[in-house]
Amino acid sequence: MKAFQTVRSVAVPLPRANVDTDQILPMPFLQKPRSDNFGHYLFHAIRRDSQGKMREDFVFNHPRYTQARVVVAGPNFGCGSSREHAVWALADAGFEVVIAPSFGDIFYGNCLKNGMLPIRLTGAHVEFLLQHLADNPEALIQVDLGLQTVTTANASFDFDIDPFAKHCLLNGLDQIDYTLTLLTDIEAYEHRTSS
Amino acid sequence: MSLPMPQRPLTLFEKIWYRHVVHQRDDGECLLYVDYHLVQDGSAPGFEMLRQKGLPVRMPKRTFGTPDHYIPTIGRDLSTMADPEKRAMAQALENDCREAGIPFFGLQDARQGIIHVVAPEQGITQPGRLMVCGDSHTSTHGALGALAFGIGASEVAHVLATQTIWQRQPRTMKIEVPGSLPAGVSAKDIILAIIGRIGAGGAVGHVIEYAGQAIRDLSMEARMTLCNMSIEAGARAGMVAPDETTYEWLQGRPQAPSGAAYESCVAQWRQLPSDPGARYDREVVIPAHEIEPMVTWGNSPEQVGGISGRIPDPARESDPQRREGLERTLAYMGLKAGQALAGLPVQRVFIGSCTNGRIEDLRSAAAVARHGHVAAGVEAWVVPGSGLVKQQAEAEGLHELFLSAGFQWRDPGCSMCLGTNGDIMQPGQRSASTSNRNFVGRQGPGSRTHLVSPAMAAAAALQGCLVDVRTVKGGQ
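Predicted model only: the values in this text are computed from it and were never measured.

## Comments concerning the overall build of chain A
Summing up its helical and strand segments, chain A has eight helices and seven strands in all. Taken over C-alpha atoms, the radius of gyration comes to 18 Å for chain A, in line with the 16 Å a tight globule of 195 residues would show. Seen through its principal axes, chain A has C-alpha atoms that stretch 60 × 40 × 25 Å. With 195 residues in all, chain A has 45% of them scored as buried. Partitioning the intrachain contacts of chain A with sequence separation of at least 6 by distance along the chain shows that 70% fall at a separation of at least 24.

Here's what the structure looks like:
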C-alpha cells in the first residue's frame, strides 16, 4: 500500500446524506477484475444519462475536478454494501481523502486498507467546508495526516483518527505482513481455547 | 493473551469481545480471533489478494463457503448463466474452496443457499462465536448471540491468511422493544420502525443489542430478520441474547454440539446474556404497540412509514439540501408529496433474501397467498433462502400453494435482492420486496423498491398494489 502524503487539492462537494456504496460503485461492475480502472465506474448510474453520456449537472463531471483528490460529503457516506470496489472506484479516479460527518463502518475500514483517508469532522465543520466550496469552487483544501488537520484559506480543523490507522496510512503498512509477525500470539490463543 | 474480563457488569457484546482478543496494541487496537469465516461468490477478490501474496488459507476448517450472489435461480446449472463474468464469479468460489480444502456446498448440494441462511441452518452460527463474512448482512448471525459483522475484500484476505481481524472496540446501543406486537406486525416491521426512528446512520460505530418482551417473543427466524437489517441503521453488528428459543433451535443441527457436549455448551451459553446493570453507550426504547406494518417509500431504508401513511412533502422541509434530496428521491421513485402509500400499484413482488427467505417467512407469505391469485400485470417471485428451506416448504405443500396462486417458485440464491445474477426488474418498475435495500438501482437500473414484510409482499402481489396486510385474509 502506498504511504499517505499531504494532499492539497480542489475538493468535490457532495452535500448528500447516506450516499451508499451501491451508488458509488453500481452492481454491474462488482464482477469486474481489480485490474480494471474502477475510476470509470465511479457513480456510473448517476454520472451518465440513459444514453451513457456524461451528465453536465453531476458535480463529479465538472472539468474543475479532473485532478481533484478530495471529496466533501454529507453524513453516513459509504453506507450499505461492504463492497471494497467503492473505495477502488474513488482511488482509481484519483481521490485520496473523503471528508464527512460520519461514514459507513465497513467503508471506513475499506478506505484505510487502500491508502484512502476518511476524515470525520463535525457536521458544522463539514457545513463550513461545503459553504466555502460553494462560495469558492476553486478553493484548495490541504489535508495533513501527520498533524491531523484540514486547512482552507481561512480556517483549519483538527480531526481524530485511531493511532493504528494513522500509522498504517503514513507508512503504507501491509496489515497481513504485520499480523503475521504476531503469529505466536495467534497460535497461543488457539492452543488455549482448543483445550 | 485474551483480555481479562473487567470486573463490572458486562454486556453480551463485551463478553464475546474480550474472549476473542488475541493481542491488544498499546494504542487500543485489538486483534480478534475469528471463530468462523463465511465466504460466498462475492469473496473472489479476497482470495485473489491472498494468492498475490502467495499465502495459504490458514484455517480452512474455520471457513465455510456456498455460492449465492452469482447463481441462477432457475435450475442449478451454471452454464445457463449467459454472462461469462457472472459464471466466473460463482466458479471462482468453488475453485478457491476446493483448492484450500474449505467445506463447500455447491449448486448440486441440496444444502446450498444464501450464506446467512445456510450457516445458522447448519449450526455453524452459535452463541458466543465471532464470525465475519465479506458481506454487510453478516449482522444476521447476531440473532443467535454471536458477534458477527461484514468486512471488505482486504479484510477477507486478512482473515483467510491469519484467522484474525483488527478492530477498535465499538460502542454499544441497547434497543428495547417492550410489550407485544400487534397482529399483522412482524420482525421486518420492527427493524424498519427502528431504522425510521434512529436513521440509516443512527447506529454507526455501535453494536446493537435488541432486548425487551417483543424481541424475546420472536422466533429464531424472526430474530435473524431483525439482526440482518442492523447494518441498514449503520450498526457494526446486531445481537439478541441467547435463550431457550436459541438453544432449542440449535439442537440437532448438523454442526451444533450434541449429547453431553450440547449440555455443556448450553451451560456456557447461559453465561452470555448481559449482566444486570451492564451499561450501554446509548439506549433507545420503541414500544411494540406503536409499530404498524411498515413500507419504505424512498431510496434509504430510513425513508419509511406505516402503511397508513403518506409521502412527505419536500416543501415542508426547511433545510435546502434535505429538500433537494427529498425531491430527487420522489422523482426517482415516481411519487408525489401527500400520496397515500396504500394503493400504490406494483409490477414486481420479491419474496426471499437473507432478510426474509426462511421457512417462517414463506409460511407467512403463503398464509396470505392462499386466499387469492397474483393480480394481472404483476410478476411475483418466491425465492427460498436455501435448498433446505425449499425442501421444507415443499414438504408443507407451500410451493403448490404459491404456484397455483400465480407466483414463481424458484431456486435458492440472493436473486432480486441485488440482481448480481441478472435477476433484475425493468427500469421504472415498482416492487414490493422483502429484501433489505431500496437504494437507487438496487434491483436493476431505474428500479423502484418498497421494502416490506413477507405477508405485506404477498398481499401486494394479490392486490396489485401496496396494501395494509391487516385488512386482507391471512394477514393477521
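## Some remarks on the domain arrangement of chain B
Many descriptions give the size of an interface as the accessible area lost when the pieces come together. Residues and elements named next belong to chain B. Examined at the domain level, chain B breaks down into domain 1 (12–283) and domain 2 (294–471). Summarising the inter-unit geometry, the C-alpha centres of domain 1 and domain 2 are found 24 Å apart. Contact residues are listed per partner, giving 41 residues for domain 1 and 38 residues for domain 2. Mapped onto the side of domain 1 that touches domain 2, the elements with two or more residues apiece are helix 4 (115–121), helix 6 (187–198) and helix 8 (220–228). Looking at the side of domain 1 that touches domain 2 element by element, the count peaks at six residues for helix 6. The residue makeup of the side of domain 1 that touches domain 2, split by class, is 16 nonpolar, 15 polar and 10 charged.

## Some words on the nonpolar core
Counting residues in each nonpolar core, the largest one holds 203 residues, and the members touching the most others are Val-98 and Ile-99 of chain A together with Val-349 and Ala-460 of chain B. Formed jointly, this core draws a minimum of three residues from each of two domains, domain 1 (12–283) and domain 2 (294–471) of chain B. The contacts of Ala-460 of chain B, once residues within four sequence positions are left out, are Val-346, Val-349, Ala-432, Val-452, Cys-465, Leu-466 and Val-467 of chain B.

## What to know about the sheet that holds strand 2 (residues 30–33) of chain B
Strand pairing in a sheet is mediated by backbone hydrogen bonds. Such pairs are either parallel or antiparallel. All names here are of chain B. Strand order in the open sheet made by the three strands is 1-2-7, with antiparallel pairing throughout. For this open sheet the edge positions go to strand 1 (21–24) and strand 7 (164–167), each flanked by a neighbour on one side alone. The sheet shows a mean angle of 25° between the axes of neighbouring strands, direction not considered.

## Comments concerning the interface of chain B and chain A
Residue-level contacts link 51 residues of chain B with 38 residues of chain A. Contributions of two or more residues to the side of chain B that touches chain A are made by strand 1, strand 2, helix 2 (44–52), helix 3 (84–100), helix 5 (153–162), strand 7 and helix 11 (320–333) of chain B. With seven residues, helix 5 of chain B is the largest single contributor of residues to the side of chain B that touches chain A. For the side of chain B that touches chain A, the per-class residue count stands at 17 nonpolar, 21 polar and 13 charged.

## Description of the sheet that holds strand 14 (residues 348–352) of chain B
Residue and element names in this part refer to chain B. An order of 16-15-14-17-18 is seen for the five strands of this open sheet, with the pairing classed as parallel. Across the chains shown, the open sheet's two edge strands, defined by having one partner strand only, are strand 16 (408–409) and strand 18 (448–451). Helix 16 (residues 454–463) contacts strand 14, strand 15 (379–383) and strand 17 (430–433) of the sheet and is inclined by roughly 150° relative to strand 14.

## Some remarks on the confidence of the model for chain B
Per-residue pLDDT for chain B averages 97, and the proportion of residues at 70 or more is 100%. If you check the scores for this complex, the pTM reads 0.98 and the ipTM reads 0.97.

## Some points on the packing of helix 13 (residues 359–369) of chain B against helix 16 of chain B
All names here are of chain B. Running from N to C, helix 13 and helix 16 cross one another at 30°; their axes reach a closest spacing of 8 Å. Between helix 13 and helix 16, the angle is such that the two are roughly parallel. Here helix 13 runs over helix 16; the crossing is right-handed. Contacts between helix 13 and helix 16 pair Asp-361, Ser-364, Ala-365, Ala-367, Val-368 and Ala-369 from the former with Pro-454, Ala-455, Ala-457, Ala-458, Ala-459 and Leu-462 from the latter.

## A word on the pairing of strand 7 of chain B
Residues and elements named next belong to chain B. Side chains of strand 7 alternate between two faces, with Thr-164 and Trp-166 and Ile-165 and Gln-167 buried alike. Here strand 2 pairs with strand 7 via four bridges, running antiparallel. Among the inter-strand pairings, Leu-32 is bridged to a residue of strand 7, identified as Ile-165.

## Some details on the environment of Thr-246 of chain B
All names here are of chain B. Note that Thr-246 resides in helix 9 (residues 244–250). With 21 C-beta atoms counted inside 10 Å, the residue Thr-246 sits in the buried group. In this structure the C-alpha to C-alpha distance between Thr-246 and Gln-126, which are 120 residues apart in sequence, comes to 8.9 Å. Once residues lying within four places of it in the same chain are set aside, the contact partners of Thr-246 are Pro-127, Leu-144, Gly-145 and Met-220.

Conventions we followed
- Residues numbered from 1 in each chain as written.
- Chains lettered and ligands numbered in written order.
- Predicted model: local features only at pLDDT ≥ 70, side-chain atom pairs only at ≥ 80, totals over all residues.
- Helix = DSSP H or I, 4+ residues; strand = E, 2+ residues; numbered from the N terminus.
- Rg over C-alpha atoms; globule rule 2.2 N^0.38 Å.
- Buried ≥ 20, exposed ≤ 12 C-beta atoms within 10 Å, placed from the backbone.
- Contact = placed C-beta atoms within 7 Å.
- Domains from an automatic or database assignment.
- Nonpolar A, V, L, I, M, F, W, Y, C, P; charged D, E, K, R; others polar.
- Core = buried A, V, L, I, M, F, W, Y, C linked by C-beta atoms within 7 Å.
- Pairing = 2+ DSSP bridges.
- Axes fitted to C-alpha atoms, helices over the stretch in contact; angles between N-to-C directions.
- pLDDT = per-residue confidence, 0-100.
- Parallel < 35°, antiparallel > 145°, perpendicular 65-115°, else oblique.
- Left-handed = near helix turned anticlockwise from the far one by under 90°.

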